[in-house]
Amino acid sequence: MSIETAADVPIVRIVDPDGTVVGDDDVGLSVDAKRELLRSMIRCRRLDRECWALQRQGELTVYPPFEGQEAAQVGSASALAPEDFVFPSFRELAAAVVRGVDVVEYLQYHRGTWHGGPYDPIASRFAPICVPVATQIVHAVGWALGAKLDGSGACSLAYFGDGSASEGDFHEAANMAAVFGAPAILFCQNNGWAISVPASEQYAAPIAARAAGYGFPGIRVDGNDVLAVYAVTKAAAERARGGEGPTLIEAMTYRIGAHSTADDDSRYRAGPEVDAWRERDPIARFRAYLLGCDLIDEAFVGACDEEAEGWVAEIRSGLTSLGAPPASEMFDHAFSDPPATLERQRHERIGNDDA
Amino acid sequence: MVGALNAALRDAMQADPRTLVFGEDVGALGGVFRVTEGLQDEFGSGRVFNTPIAEAGIAGICVGLAMAGWRPIAEMQFDGFSYPALDQVISHVAKYRERTRGRVAMPVVIRIPSFGGIKGKEHHGESPETYYAHTAGLKVVVPSSPLDAYRLLRRSIDDPDPVIFLEPKSRYWSKEEGELATGGPGLGSARTVREGDACVLISFGAMVGRCLEAATALAGEGIECSVLDLRTLVPLDVEAIAERVRATGRAAVVHEAPLTLGMGAEIVARIVEEAFDHLEAPVLRVTGADVPYPPASLEQHYLPSTERIAAAVRKVVAY
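Rules behind the numbers
Residues numbered from 1 in each chain as written. Chains lettered and ligands numbered in written order. Predicted model: local features only at pLDDT ≥ 70, side-chain atom pairs only at ≥ 80, totals over all residues. Pairing = 2+ DSSP bridges. Helix = DSSP H or I, 4+ residues; strand = E, 2+ residues; numbered from the N terminus. Contact = placed C-beta atoms within 7 Å. Axes fitted to C-alpha atoms, helices over the stretch in contact; angles between N-to-C directions. Buried ≥ 20, exposed ≤ 12 C-beta atoms within 10 Å, placed from the backbone. Core = buried A, V, L, I, M, F, W, Y, C linked by C-beta atoms within 7 Å. Right-handed = clockwise from strand over helix to strand, strands pointing away. Parallel < 35°, antiparallel > 145°, perpendicular 65-115°, else oblique. Left-handed = near helix turned anticlockwise from the far one by under 90°. Nonpolar A, V, L, I, M, F, W, Y, C, P; charged D, E, K, R; others polar.

Novice: Got a sec to walk through the sheet that holds strand E8 (residues 247-252) of chain A? Specific residues and values, please.
Specialist: Residues and elements named next belong to chain A. As summarised here, the arrangement of the six strands in space is E1-E7-E8-E4-E3-E2, forming an open sheet in which the pairing is parallel. Edge positions in the open sheet fall to strand E1 (11-12) and strand E2 (85-87), since each of these has one partner strand only. Those strands touched by helix H10 (residues 226-241) are E1, strand E4 (184-190), strand E7 (218-222) and E8, and its axis lies near 170° from that of E8.

Given below as structure tokens:
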């Protein structure tokens, strides 16, 4: 992986991997808010590892881990206002946590008890988990256009990956966002790998550089620097609210885990590459920064770890007690008013029984 | 029919300020078929706007706009250009309500000028109805006459579920006397447009008119056909189909799409399930051929003709 050095787009960074401040760390966050970023990242990593274990124990069907991407997700999601709307792909559990999505409901997707939107997307301002690659970027632009027509001052943020940026929907979304002046943030988590295809085989120029071709700013940010991610996302949201249209953010990060629990990453990448990125761990970096600034002490970290344990235990308990929904529900939601032909299929399978 | 559709859009936009009309060339031009003529002047470029040439984008923003509380009415410029949008339509527009456990409805209408018979270039004579009818979660509507086009479009726009509204291009310039009204049979109701006890011709869109022509010709031979206009392919009015078959004992299905796995296959299967004991003859299909839509000089050999329809009826009546 040599994306960073090959890039001709500068990378925004505030804190170095060892915790040293190299930029302006006054990003408008209080001490408590900075502590909260660390706490969020710690609990999200604990949750992510729990989900991997839950899958291995047969409690989840397939799970896509996000370890290594905590700063990219927590930093960006924390920069949004409550009225903003997030359109995730399928690896954004940490962003969902920050947005207050009910985690047990969210994980129903990976448990196989419902599809992409098992939580309330409207109430939580977090769209359904989206697997068809890059399609959610267009939804985010549509939502942003709707917000603009309403004059609501809210913006949308679409998460997608380096692989998604190769899809036609990325292009259509970016171009439409520009033409409509939509208050949308196109947030690419460039984690280096699209399943087994490395970034070097996915694109030949920085993804952020494409924004110029659409007519709006493109920013590369160190995706493992939570303060930098927060700052650029906050700036993009302010641009959007100010009627200045979309921004493309390319957060350079790394997928420490496999693509999913069904993937064997040892077939396509070497251990040293992963180890090198572990050295740039987003949580260790931010912890070192906060400790170095005397904004936290070791006791705070210990308390975060402990709190995360209890929180994850609750989620685990809630999740493992979830069974399949009634079979009849399969027929309930396809249409507001199921046609007679569909009602008949329901009746033929399950009669009037609701189980 | 163009005027009726235009009136339906105008009236719907007046009735509901959350409706939006967008697509390629729908603004100042009024659409390549003029269905959106005058709407941008009347409702402004916020509610009636051109989009870039990006069909997946057009279908995709429908999802986001619906989530933001709008009622999108999108135009695909031509049937053959609607295919880039299929991923968004199949994966999201159709599934969103189910995926969100009923929490997020998709009150989206996607209008697509469709079917052949206008001596168009290639990619301008497609019959895409089965792709959509086979996708769970979509309603599929095909009007056959101007007054019904008005009614069906208004009802489609009011519907809480996504509707693929296929407009038969060859009927765009057809005329019909009467008052525009939203009342009467809604989505999911077929209508008998001609009574007759010898055979029922089951069809939709432009082929309804052709069935009526065939029925008129056959009446001269003493064969009185019933003609059933399905109007919506999803929901399919199976009961009306079965009732007509029970009443006549004989049926033929007519559509422009290729024979194999066309709507005719589904309709015949339903007839077999619902009215087998009433059949006096095998049900025939009069359809396009299993080839890509042909060039203008050959389309009369592809489309069901009055003669082919009449021949099928004579065959089932003589069986």
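Structure shown, so let's carry the discussion forward.
Novice: Can you explain the pairing of strand E3 (residues 71-75) of chain B? Please cite residues and give values.
Specialist: Residue and element names in this part refer to chain B. By the criterion of burial, E3 is predominantly enclosed, with five of the five residues buried. In E3, alternate side chains face the same way, and those of Arg71, Ile73 and Glu75 on one face and Pro72 and Ala74 on the other are all buried. Summarising the sheet, strand E1 (residues 19-23) and E3 pair through five bridges and their orientation is parallel. Bridge pairing in E3 places phenylalanine 22 opposite alanine 74.

Novice: Which residues make up the nonpolar core, and what values go with them?
Specialist: Of all hydrophobic cores here, the largest spans 209 residues; its most connected members are A:Val141, A:Ala177, A:Ala184, B:Leu201, B:Ala252 and B:Val313. Per-element accounting of this core gives the leading share, 10 residues, to H10(A). Apart from the residues within four sequence positions on either side, B:Val313 is in contact with B:Cys199, B:Ala214, B:Leu218, B:Ile223, B:Cys225 and B:Ala252.

Novice: Which residues make up the sheet that holds strand E11 (residues 251-258) of chain B, and what values do they have?
Specialist: Residues and elements named next belong to chain B. Here five strands make up an open sheet; going across it, the order is E7-E9-E8-E11-E12 and the pairing mixed. Every interior strand has two partners, whereas the edge strands, strand E7 (191-194) and strand E12 (284-288), have only one. Each neighbouring strand pair of the sheet contributes to a mean axis angle of 25°, computed without reference to strand direction. The pairing of strand E8 (residues 199-203) with E11 spans four bridges and is parallel. By the bridge assignment, valine 200 is partnered in E11 with alanine 251. Against the sheet, helix H12 (residues 306-318) makes contact with E8, strand E9 (225-229), E11 and E12, and its axis sits at roughly 165° relative to E12, the strand it touches most.

Novice: Go over the pairing of E7(A), please, and point to the residues and values.
Specialist: Residue and element names in this part refer to chain A. Extensive coverage of E7 is indicated by the burial of five of its five residues. Residues Gly218, Arg220 and Asp222 line one face of E7 and the alternating positions Ile219 and Val221 line the opposite face, and both faces are buried. For E1 and E7, the ladder comprises two bridges, and the chain directions are parallel. Counted as the bridge partner of valine 12 is valine 221 from E7. Bridging between E7 and E8 involves five bridges; their strand directions are parallel. Residue pairing in the sheet places valine 221 in a bridge with alanine 251 of E8. For the crossover from E7 across H10 to E8, the handedness is right-handed.

Novice: Residue-level account of the packing of helix H7 (residues 135-150) of chain A against helix H3 (residues 55-67) of chain B, with values.
Specialist: Running from N to C, H7(A) and H3(B) point in directions that differ by 55°, and their axes come no closer than 6 Å. Overall, the two elements H7(A) and H3(B) adopt an arrangement that is oblique. At the point where H7(A) passes H3(B), the crossing takes the right-handed sense. Contact with H7(A), carried on its side by A:Thr135, A:Val138, A:His139, A:Ala140, A:Val141, A:Gly142, A:Trp143, A:Leu145 and A:Gly146, involves B:Ala56, B:Gly57, B:Gly60, B:Ile61, B:Cys62, B:Val63, B:Gly64, B:Leu65 and B:Met67 of H3(B) and no other residues of that element. Split by residue class, the contact of H7(A) with H3(B) holds 11 nonpolar, seven polar and no charged.

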